[in-house]
Amino acid sequence: DGTVLRLISPEAASGVVKVDLGDHRPNRLHAYAHFLETCQTVASSPVSAWDLMLEEFDYDASGGMHSANGLDESTLRNSTPQIQNVRWATPSNQKRANVVAQLQPGLFSPLLFVKCESSEVLLLHRFSKETWPLSVSTFVAPFRIPDTCLKLRACAALPNGPTGCGGFPQRC
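Residues numbered from 1 in each chain as written. Predicted model: local features only at pLDDT ≥ 70, side-chain atom pairs only at ≥ 80, totals over all residues. Heavy atoms only, no water.

A. Representation of the pattern of salt bridges within the structure. With the rule as written, the count across this model stands at two salt bridges. With a closest N to O distance of 3.9 Å, Glu-73 and Arg-77 form a salt bridge. Placement of the pair is Glu-73 and Arg-77 together in helix 2 (residues 73-79), with a separation of four residues, close to one helical turn. Note on Glu-73: relative accessible area 37%, which makes it partly exposed. (Salt bridge = Lys/Arg side-chain N within 4 Å of Asp/Glu carboxyl O. Helix = DSSP H or I, 4+ residues; strand = E, 2+ residues; numbered from the N terminus. Buried < 20%, exposed > 50% of the residue type's maximum accessible area, 1.4 Å probe, protein only.)

Right, dumping it as structure tokens:
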């Protein structure tokens, strides 16, 4: 809708700008840079917000597995993401936590996400087959928990069992 979320002066620009969206839930974000010397404004391509990315996620096009043949239930269960270290951060007194997942070489998962019970996406991470580990590896990502969030759910795009039949399987 054209709302400016952050404006910085040229003296403060460092090439990286972090924006805390707070309670704002945009579907797409655009970054703009205005160069005073040339009076030129440059706009980025739109970037989808996590809610929209999850809604538009294509499991098959991302290389997701529909069959976990050769993998036992304990391997699938161990690959299911877990929420750990829920804590109050300082100095802003914001609740934070980590999502932790065990990445298995023979069990590619193209997507991991954390949601509130209200279905608000708090964290979304896409994986690619090219960067998937060749040995068991642990993925850890911090995220912020809004005060309105009373229950969390961490999920990965993984087969639900030894055989699958399409769709977007998840293990939470």
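B. How the structure looks around the state of the cysteines. This model, assessed by the stated rule, comprises two disulfides. Here Cys-116 engages in a disulfide with Cys-149; their sulfurs sit 2.1 Å apart. Residues Cys-116 and Cys-149 are joined by a disulfide whose S-S torsion is about -130°; by sign, that bridge is left-handed. With Cys-116 in strand 7 (residues 111-116) and Cys-149 in the loop between strand 9 (137-145) and strand 10 (152-156), this residue pair connects regions lying 33 residues apart in the sequence. (Disulfide = S-S within 2.5 Å.)

C. Representation of the packing of aromatic side chains. Applying the stated criterion to the full structure yields four aromatic pairs. Ring geometry for Phe-57 against Tyr-59: centres 6.4 Å apart, planes inclined by 65°, an arrangement best described as edge-to-face. With centroids separated by 5.2 Å and ring planes inclined at 85°, the aromatic side chains of Phe-108 and Trp-132 adopt a geometry described as edge-to-face. Pair noted here: Phe-108 is in the loop between strand 6 (95-103) and strand 7 and Trp-132 is in the loop between strand 8 (121-126) and strand 9, with a separation of 24 residues, a long-range link. This pair shows no difference in class: Phe-108 is buried, exactly as Trp-132 is. Through a chain of ring-to-ring contacts, the aromatic side chains of Phe-108, Phe-127, Trp-132 and Phe-139 assemble into a single cluster. (Phe/Tyr/Trp six-rings, centres within 6.5 Å; stacked < 30°, edge-to-face > 60°.)

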